[in-house]
Amino acid sequence: EVKIEYDADGKTISITDTGIGMSKDDLINNLRTEAKFGTTTFLEAMAEGSNLIGRFGIGFYSAFLIADKVTVTSKCNDDPT
């Protein structure tokens, strides 16, 4: 389940899901996908007609294009912290 909430007064958009969560190591490694993927690679993939839906980092990358601040909170049951 994915839930999207908009707070006009706070000027925020919150996206919440009921996925499996990410550990601290997962967050560190996977959120870098946004930086590794890069705009040029993204545009090339789009021009080739690649299906980018479901590739982690694409949505996150788009958040950085429009937001002044991005905050990620995750809970993974396998993470001891």
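One numbering rule holds for all chains: residues counted from 1, following each sequence as written. For a predicted model such as this one, the threshold for reporting local features is a pLDDT of at least 70, and the threshold for listing and counting side-chain atom pairs is 80 or more; totals across whole chains, interfaces and linings nevertheless cover every residue. Side-chain calculation: all heavy atoms of the structure are included, whereas hydrogens and water are not.

## Regarding the overall build of the protein
Only DSSP runs of H or I covering at least 4 residues are called helices, and only runs of E covering at least 2 are called strands; the numbering of each starts at the N terminus. Helix and strand content of the protein: four helices and two strands. Ordered by position from N to C terminus, the α and β elements of the protein give β-β-α-α-α-α. Counting over 81 residues, the protein shows a buried share of 19%. In the protein, once contacts between residues fewer than 6 apart in sequence are set aside, the share between residues at least 24 apart is 39%. With the model as given, the accessible surface of the protein reaches about 6800 Å², and the carbon-plus-sulfur share is 53%. Relative accessibility thresholds used throughout: buried, under 20% of the residue-type maximum; exposed, over 50%; partly exposed, between the two (1.4 Å probe, protein chains only). The contact criterion used is simple: two residues touch if any of their non-hydrogen atoms lie within 4.5 Å. Computed with a 1.4 Å probe, the accessible areas rest on the Shrake-Rupley method; for each residue, only the protein chains presented here act as cover.

## With respect to the environment of threonine 16
With respect to the element layout, threonine 16 can be found in strand β2 (residues 12-17). For threonine 16, a relative accessible area of 44% translates into the label partly exposed. Each C-alpha atom of the pair threonine 16 and glutamate 1 lies 8.2 Å from the other, and the pair is 15 residues apart in sequence. When sequence neighbours within four positions are dropped, the list of residues in contact with threonine 16 reads Glu1, Val2 and Lys3.

## Here's the deal with the environment of serine 23
Its place among the elements puts serine 23 in the loop between β2 and α1 (24-31). Residues serine 23 and aspartate 78, spaced 55 residues apart in sequence, show a C-alpha to C-alpha distance of 7.2 Å. If we ignore the near neighbours within four places in the chain, the residues touching serine 23 are Cys76 and Asp79.

## Here we look at the confidence of the model for the protein
Every residue is assigned a pLDDT by the predictor, reflecting its confidence on a scale from 0 to 100. For the protein, per-residue confidence averages 76 on the pLDDT scale, and residues scoring 70 or more make up 70% of the total. Averaged pLDDT values over the elements of the protein bottom out at 55 in helix α2 (residues 33-37) and peak at 92 in strand β1 (residues 2-7).

## Things to note about the pairing of β2
The buried fraction of β2 is low, at zero of six residues. Relative to β2, β1 runs antiparallel, the two being bridged by six bridges. Residue pairing in the sheet places aspartate 7 in a bridge with threonine 12 of β2. Between the end of β1 and the start of β2, which pair antiparallel, lie four residues, with lysine 11 showing a positive phi angle near 55°. Strands qualify as paired when DSSP identifies two bridges or more between them.

## Looking at a nonpolar patch on the surface
On the surface, Val2, Ile4, Tyr6, Ile13 and Ile15 cluster together into a nonpolar patch covering about 620 Å² of accessible area. Elements supplying a minimum of two residues to the nonpolar patch: β1 and β2. With three residues, the top contributor of residues to the nonpolar patch is β1. By relative accessible area, which is 63% here, isoleucine 15 ends up exposed. Exposure above 30% relative accessible area and the absence of a salt bridge qualify a residue for a patch, where like charges join within 9 Å and nonpolar side chains (Val, Leu, Ile, Met, Phe, Trp, Tyr) within 5 Å. Any Lys or Arg side-chain nitrogen found within 4 Å of a carboxyl oxygen on Asp or Glu counts as a salt bridge.

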